[in-house]
Amino acid sequence: MVEFHETTDTSVFGQIAEFQHEQVVFCHDHETGLRAIIGIHNTVLGPALGGTRMWHYASDADALHDVLRLSRGMSYKAAISGLNLGGGKAVIIGDAKTMKTEALLRKFGRFVQNLNGKYITAEDVNMTTKDMEYIRMETKHVAGLPESMGGSGDPSPVTAYGTYMGMKAAAKKAFGSESLAGKRIAVQGVGHVGTYLMDYLQKEGAKLVLTDYYEDRALEAAARFGAVAVGLDEIYDQEVDIYSPCALGATINDDTIDRLTCRVIAGCANNQLENENVHGPALVDRGIVYAPDFLINAGGLINVYSEVIGGSRQSALTQTEKIFDYTTQVLTKAEQEGTHPQAAAIRQAEERIAAIGKVKSTY
Ligand code: NAD
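This one's a predicted model, so the numbers in the text were calculated from it and none came from an experiment. (Residues numbered from 1 in each chain as written. Predicted model: local features only at pLDDT ≥ 70, side-chain atom pairs only at ≥ 80, totals over all residues. Heavy atoms only, no water.)

Trainee: Where do I start with the overall build of the protein in this structure?
Mentor: The number of helices and strands found in the protein is 14 helices and twelve strands. Radius of gyration (C-alpha) of the protein: 20 Å, near the 21 Å computed for a compact globule of 363 residues. Viewed in the frame of its principal axes, the protein has a C-alpha envelope of about 55 × 50 × 40 Å. Of the contacts formed within the protein by residues at least 6 apart in sequence, a portion of 66% connects residues at least 24 apart. Carbon together with sulfur atoms contributes 50% to the accessible area of the protein, which is approximately 15800 Å² in total. Of the side chains in the protein, 34 bear a positive and 45 a negative charge, and the two mean positions are spaced by 6 Å. (Helix = DSSP H or I, 4+ residues; strand = E, 2+ residues; numbered from the N terminus. Rg over C-alpha atoms; globule rule 2.2 N^0.38 Å. Contact = heavy atoms within 4.5 Å. Areas by Shrake-Rupley, 256 points an atom, 1.4 Å probe, with all protein chains shown as cover. Lys, Arg positive; Asp, Glu negative; His and termini not counted. Charge placed at Lys NZ, Arg CZ, Asp CG, Glu CD.)

Trainee: Whenever I open this one, the site of the ligand confuses me. Can you help?
Mentor: Within the structure, the ligand sits among 20 residues, and Thr159, His192, Asp212, Arg217 and Ala247 are positioned closest to it. Separating an oxygen atom of the ligand from a side-chain N or O atom of Thr159 is a distance of 2.6 Å. Contact between the ligand and Val193: an oxygen atom at 2.9 Å from a main-chain N or O atom of the residue. The fraction of the free accessible surface of the ligand (820 Å²) that becomes covered by protein chains is 76%. (Near = heavy atom within 4 Å. Polar contact = N/O pair within 3.5 Å; in protein donor to acceptor, adjacent residues only side chain to side chain.)

Trainee: Would you mind showing me how to read the layout of surface pockets here?
Mentor: The gaps of empty space that remain are located by a probe, the size of a water molecule, rolled over the atoms. Of the voids in this model, the second largest pocket is the one considered here, and its volume is about 260 Å³. Lining of the second largest pocket is provided by 14 residues; of these, Lys173, Val284, Val289, Glu335 and Pro341 occupy positions nearest its centre. A total of three residues in the lining of the second largest pocket trace back to one element, the largest contributor, which is helix H13 (residues 323-337). (1 Å grid on protein atoms, 1.4 Å probe; cavity = no way out; pocket = protein on both sides within 12 Å on 5 of 7 lines; lining within 4 Å. Points joined across faces, edges and corners; volume = space filled by probe spheres on them.)

Trainee: When you look at empty space enclosed by the protein in this model, what are you seeing that I'm missing?
Mentor: Scanning all chains against the criterion turns up one cavity of 30 Å³ or more. By volume, the largest cavity amounts to about 30 Å³. Residues that form the lining of the largest cavity fall into these classes: six nonpolar, two polar and one charged. (Nonpolar A, V, L, I, M, F, W, Y, C, P; charged D, E, K, R; others polar.)

Trainee: Even after reading the chapter, I still don't get the UniProt feature "binding site: NAD(+)" (unreviewed entry) in the protein, so can you show me in this structure?
Mentor: UniProt tags Gly189, Val190, Gly191, His192, Val193 and Gly194 as "binding site: NAD(+)" (unreviewed entry). For His192, the location among the structural elements is in helix H7 (residues 192-203). Looking at His192, the relative accessible area reads 59%, which means it is exposed. Residues within four places of His192 in sequence aside, it is in contact with Asp154 and Ser156. As for its placement among the helices and strands, Val193 is situated in helix H7. Not counting residues up to four positions away in its chain, the partners in contact with Val193 are Ser156, Thr159, Ala160 and Cys268. (UniProt positions renumbered as here; feature names shortened; annotations may be inferred. Buried < 20%, exposed > 50% of the residue type's maximum accessible area, 1.4 Å probe, protein only.)

Trainee: Sorry, what's going on with the sheet that holds strand S10 (residues 242-245) here?
Mentor: The strands making up a sheet associate through backbone hydrogen bonding, with each pair oriented either parallel or antiparallel. Strand order in this open sheet of six strands is S9-S8-S7-S10-S11-S12, and the pairing throughout is parallel. Across the chains shown, the open sheet's two edge strands, defined by having one partner strand only, are strand S9 (228-229) and strand S12 (289-290). Running over the sheet, H7 touches strand S7 (184-188), strand S8 (207-211) and S10 and is turned about 160 degrees from S8. (Pairing = 2+ DSSP bridges. Axes fitted to C-alpha atoms, helices over the stretch in contact; angles between N-to-C directions.)

Trainee: Where do I start with H7 in this structure?
Mentor: Because each turn of an α-helix spans 3.6 residues, side chains separated by three or four positions end up pointing in the same direction. Here H7 contains twelve residues, and its C-alpha end-to-end distance of 18 Å stays within 8% of the 16 Å for a straight helix at 1.5 Å per residue. Listed as buried for H7 are Val193, Gly194, Thr195, Leu197, Met198 and Leu201. Residues of H7 that are buried make contact with helix H6 (156-175), S7, S8, helix H8 (215-225) and S10. Of the residues one or two after H7, Gly205 is the one with positive phi, at around 90 degrees. (Expected span 1.5 Å × (residues − 1).)

Trainee: Can you help me understand helix H4 (residues 102-114) in this one?
Mentor: For H4, with 13 residues, the first-to-last C-alpha span of 18 Å sits near the 18 Å given by 1.5 Å per residue. Taken from the residues just after H4, Asn116 is the one with a positive phi, measuring 55 degrees.

Trainee: Explanation requested: the confidence of the model for the protein in the structure shown.
Mentor: Interpretation of this model should avoid reading the predicted coordinates in detail wherever pLDDT is low. Summing up the model confidence of the protein, the mean pLDDT is 95 and the portion of residues at 70 or higher is 98%. Across residues 1-5, where pLDDT falls below 50, the model places 17 contacts with residues more than four positions away in sequence or in other chains. (pLDDT = per-residue confidence, 0-100.)

Structure representation (structure tokens):
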């Protein structure tokens, strides 16, 4: 059984050591008020790629914890998807509504530039295309830009396609067929990815139930996809075959797990299991097939990677389609090893990083 590196030591180096990061960069600028942390988890496979998010963290410790956890997740996502990318992420501490200025963002860009390509940034929570343009003025190490700026464009359709592939593989495991025709599926969150995903699901003849934080968005999606819209908390009580978390993390937790009647969980949200060590095995005990989140939502990263290596949207989609096979392999491996799918996926990612690390150990 894989033991996750959950933090027990809350000191700065204690946390960095437990998450096993290579480098963590604290960025500060008095003039602009910039306070940012860049987490470079692992660069064995390639440069650390991951978005920058701006968030009003309750404490610096929360910001550090977030960037360490997120950047480690990026290492796993790239590794399990067969990409030659390492894992990184950055957080800018502060209120995105009031603190964001051109100077602050460009200053942050200079810190990224100083890393000489060891870290490649991209858009994440509370960052806009305009913000990325400012960062791009100071560093070329930015990916995921809009097509109008020579980038790979919105990653959401590719993320949705990968999630769809992962869902079908999990359905095959649970129901003996990858077909989603007639399957009742609850989609939590109909934003960018959720909407593209529902398009695939509707076309295949699934019966859809959905919810969204914004009621008008939920009602609009329900009308468009012939789905039933339910309240935010009601989504966990639906009699469905598949639950698809496409909004927030940690929705599989002590409060929700006993309410789920589904046989499959497959969605695009990051960090769906509140506690991997507890809720991963708990899903196995309940006979629910869990498609690991960082594996099936990797389409967006695959799309950005295609930009880094000069590939096309079509090549990204072709690579993303392999998520079906990867998910099947991980689910089989988990069963054979008597563990849960998230643990098997993490082990597989760590094994690839370790194996390629050995390849690189000679000149
Ligand atoms: P989004 O912001 O476009 O959509 C999220 C939707 O969830 C919004 O419509 C929002 O109103 C809704 N929502 C928020 N809180 C909710 C709640 N409590 N219950 C129900 N709905 C709620 O984001 P997105 O780009 O579609 O991404 C969705 C998730 O997938 C996020 O967790 C994101 O981190 C993850 N993800 C996205 C991508 C990508 O390519 N966009 C890639 C990998 C992972």
